[in-house]
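Residue strings, one per chain:
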Amino acid sequence: MNGTVELIIDGKPITLPTVVGTEGEVGIDIATLRSKTGAITLDPAYGNTGACKSAITFIDGEKGVLQYRGYDIAELAQKSTFIETAYLLIYGELPTSAQLNEFSGLLTANEMLHEGMRHHFEGFPPTAHPMAILSSMINAASSYHPNLIHAREEHFPFHAARLISQVRTIAAFSYRKAQGLPSIYPKTTLKYTANFLHMMFSHPGEDCEPKPEVVKALDLIFLLHADHEQNCSTSTVRMVASSRANLFASASAGVCALWGPLHGGANQAVLEMLEEIHKEGDDGTKFLTAVKNKTGNRKLMGFGHRVYKNFDPRAVIIKEQCDKVLAQLHVSDPLLDIAKKLEEIALHDEYFVSRRLYPNVDFYSGIIMRAIGIPMDMFTVLFAIGRMPGWIANFKEVMDDPESRISRPRQIYTGATLRTYKPLAERD
Ligand code: CMC
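Quick notes on the overall build of the protein chain
- Secondary structure summary: the protein chain contains 18 helices and six strands in total.
- Relative to the globule expectation of 22 Å for 428 residues, the C-alpha radius of gyration of the protein chain, 23 Å, shows essentially globular dimensions.
- With respect to the three principal axes, the spread of C-alpha positions in the protein chain is 75 × 65 × 55 Å.
- Scored against the burial criterion, the 428 residues of the protein chain give a buried share of 46%.
- Long-range contacts, defined as pairs at least 24 residues apart, comprise 70% of the intrachain contacts of the protein chain with a sequence gap of at least 6.
- Working note: accessible area of the protein chain is about 21,900 Å², and carbon and sulfur atoms make up 54% of it.
- Distance from the positive charge centre (43 side chains) to the negative charge centre (48 side chains) of the protein chain: 5 Å.

Here's the deal with the domain arrangement of the protein chain
- Domain parsing of the protein chain yields domain 1 (4-65), domain 2 (72-263 + 376-400) and domain 3 (266-371).
- For domain 1 and domain 2, the distance between their C-alpha centres works out to 33 Å.
- Each partner contributes residues to the interface: domain 1 has seven residues there, and domain 2 has nine residues.
- Between domain 1 and domain 2, roughly 700 Å² of surface is buried when both sides are summed, and carbon and sulfur atoms account for 60% of that area.
- Three residues, Ile56, Thr57 and Ile59, lead the burial of domain 1 against domain 2; their summed loss comes to 66% of the area buried on that side.
- Counting across the domain 1 and domain 2 interface gives zero salt bridges.
- At the boundary of domain 1 with domain 2, the tally comes to three residue pairs in polar contact (both at pLDDT 80 or more).
- Grouping the constituent residues of the side of domain 1 that touches domain 2 by class yields four nonpolar, two polar and one charged.

Describing the site of the ligand
- Around the ligand, a shell composed of 20 residues is seen, among which His263, Leu300, Gly302, Arg306 and Tyr351 lie nearest.
- Separating a nitrogen atom of the ligand from a backbone N or O atom of Leu300 is a distance of 2.7 Å.
- Contact distances for the ligand include 2.8 Å between a nitrogen atom and a side-chain N or O atom of Tyr351.
- Contact with the protein chains hides 75% of the accessible area of the ligand, taken as 940 Å² for the molecule alone.

Section: the layout of surface pockets
- Volume-wise, the second largest pocket comes out at about 410 Å³.
- Lining the second largest pocket are 19 residues, with Thr81, Ile83, Ser104, Lys191 and Tyr192 sitting closest to its centre.
- Considering every element that reaches the lining of the second largest pocket, the biggest residue donor is helix H4 (residues 97-109), with four residues.
- Residues belonging to the lining of the second largest pocket are distributed by class as follows: seven nonpolar, six polar and six charged.

A few points about the packing of aromatic side chains
- On inspection of all chains with the given rule, the structure shows 15 aromatic pairs.
- With 6.3 Å between their ring centres and 80° between their planes, Tyr192 and Phe222 make a pair best called edge-to-face. Taken as a pair, Tyr192 in helix H8 (residues 192-201) and Phe222 in helix H9 (residues 212-224) lie far apart in primary sequence, 30 residues in all.
- Residue Phe222 is classed as buried on the basis of its relative accessible area, which comes to 0%.

A word on the pairing of strand S1 (residues 4-9)
- As paired strands, S1 and strand S2 (residues 12-20) are joined by six bridges and run antiparallel to one another. Residue pairing across strands places Glu6 opposite Thr15, the latter belonging to S2.
- Connecting the antiparallel pair S1 and S2 is a turn made up of two residues, with Asp10 showing a positive phi of about 55°.

A closer look at the sheet that holds strand S6 (residues 71-72)
- The strand order S4-S5-S6 describes an open sheet built from three strands, whose pairing is antiparallel. Each having just a single partner strand, strand S4 (57-60) and S6 make up the two edges of the open sheet.

Quick word on the sheet that holds S2
- Overall, antiparallel pairing links the three strands, which are arranged S1-S2-S3 in an open sheet. Because the sheet does not close on itself, it has two edges, and the strands there are S1 and strand S3 (26-28). Strand-to-strand twist in this sheet, taken as the mean axis angle between neighbours without regard to direction, amounts to 35°.

Focus on empty space enclosed by the protein
- All chains considered together, the criterion is met by one cavity of 30 Å³ or more.
- Empty space within the largest cavity amounts to approximately 50 Å³.
- As for the largest cavity, its lining consists of Gly304, His305, Tyr308, Lys309, Asn310, Phe311, Asp312, Arg356, Tyr358, Pro359 and Asn360.
- The residue makeup of the lining of the largest cavity, split by class, is four nonpolar, four polar and three charged.

Some details on the environment of Ser354
- If you trace the backbone, Ser354 turns up in helix H16 (residues 350-354).
- Separated by 230 residues in the primary sequence, Ser354 and Phe124 have C-alpha atoms spaced 46 Å apart.
- Within the local environment of Ser354, its side chain forms a polar contact with the backbone oxygen of Tyr351, the two atoms lying 3.3 Å apart.

What to know about the environment of Gly70
- Summarising the element assignment, Gly70 is placed in the loop between strand S5 (65-68) and S6.
- Along the primary structure Gly70 and Asn394 are separated by 324 residues, whereas in three dimensions their C-alpha atoms are 16 Å apart.

Rules and cut-offs
- Residues numbered from 1 in each chain as written.
- Predicted model: local features only at pLDDT ≥ 70, side-chain atom pairs only at ≥ 80, totals over all residues.
- Heavy atoms only, no water.
- Helix = DSSP H or I, 4+ residues; strand = E, 2+ residues; numbered from the N terminus.
- Rg over C-alpha atoms; globule rule 2.2 N^0.38 Å.
- Buried < 20%, exposed > 50% of the residue type's maximum accessible area, 1.4 Å probe, protein only.
- Contact = heavy atoms within 4.5 Å.
- Areas by Shrake-Rupley, 256 points an atom, 1.4 Å probe, with all protein chains shown as cover.
- Lys, Arg positive; Asp, Glu negative; His and termini not counted.
- Charge placed at Lys NZ, Arg CZ, Asp CG, Glu CD.
- Domains from an automatic or database assignment.
- Buried area = accessible area lost by both parts, 1.4 Å probe.
- Salt bridge = Lys/Arg side-chain N within 4 Å of Asp/Glu carboxyl O.
- Polar contact = N/O pair within 3.5 Å; in protein donor to acceptor, adjacent residues only side chain to side chain.
- Nonpolar A, V, L, I, M, F, W, Y, C, P; charged D, E, K, R; others polar.
- Near = heavy atom within 4 Å.
- 1 Å grid on protein atoms, 1.4 Å probe; cavity = no way out; pocket = protein on both sides within 12 Å on 5 of 7 lines; lining within 4 Å.
- Points joined across faces, edges and corners; volume = space filled by probe spheres on them.
- Phe/Tyr/Trp six-rings, centres within 6.5 Å; stacked < 30°, edge-to-face > 60°.
- Pairing = 2+ DSSP bridges.
- Axes fitted to C-alpha atoms, helices over the stretch in contact; angles between N-to-C directions.

Now the structure itself:
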């Protein structure tokens, strides 16, 4: 690429500049296309559209590469923690020990919910899905911090820490509420992930002491989910932020987008699928035949990705972790055997191979969460807790960009052309 491309539209040439990213990917800058030609691009589901420039996360889907701020995901998974990685994503650099202490201190200082929020939990029926509670409660939390609405830049670190910390408290409270159990308050002495397990599983007067391997596995799950460039929920967060809505409103919208089974909801859908296969006494073969024949609109949940066309590096790490955790906890899960069988068949089957469908992060994460006692409808909530730093980093990038404008896609109209209104009496 020489820095420009030439298009011919209606016989007239137009020159457009190209933009090259730091890892060499090339975009055609079409910002002047409509004003120069009257034409727009049409790319439903945005498979070919770059919506922004971003310095947060890099993915090379062909090579199975994922980097947060230039650090390879496998290296972070091995050496870092979720909270350190959260700092890296939001502020761009790994923290010094003083910065990490300050960040952790802010998380601890902001972990309690306003007491008034307890009444909101009471309003939900016991059947409420925790993702519905999570998105509502994140938005509700903004009403207890009025300075959030017109937040000034210097307040950002407080709001960011409040959101990361409180999303965990809200998640645990929503689980306790669904179980009809009393809420357990966070403990200032515990670190982020251990504190979450404490709030989930302790009882008044009887603290749960999670095993270190359980804390480590969950921390890794959070870290692996912490960001994933311009996916459905992150794009939603950026879209809402572009209207200058506040951080909590933007994150709440992200939770709603994440909920769907094609996105974050896939971790719950994978377990439901495995349970169904198990119940039917199938070893996966019958199920895969239905998927390939497209009967019943079935998909192999936890497989496929819009960007990864080779392998999902998160899935590789998570599969390894899954084997390790189950062995450490002495859990033998027939669903793990079914998952392995499905993977083995699919990786050699023409249908999946030709479409370049591989296991994604959600294929094995549910099995780990199940092994450590997390109920199925909380799986996507845990994804949301993990993704929060990524959403916050993307929100910050939108707000810090002096060239940021409100997001407003165009469309190709396909409806009726101009017609005149007929009074009701003339329509029968
Ligand atoms: N099982 C069976 N067939 C599939 C699957 C699957 N999991 N995924 C894609 N295909 C087929 C699809 O039917 C289509 O076939 P055909 O060419 O015959 O019409 C072809 O592969 C291309 O698929 P697509 O729907 O155009 O792919 P997409 O990029 O629009 O969708 C996806 C990506 C992840 C939504 C999709 O692969 C899927 O639905 N997977 C299952 C749900 C899932 O695991 N989602 C979690 C994604 S990773 C976590 C996250 O980031 O959210």
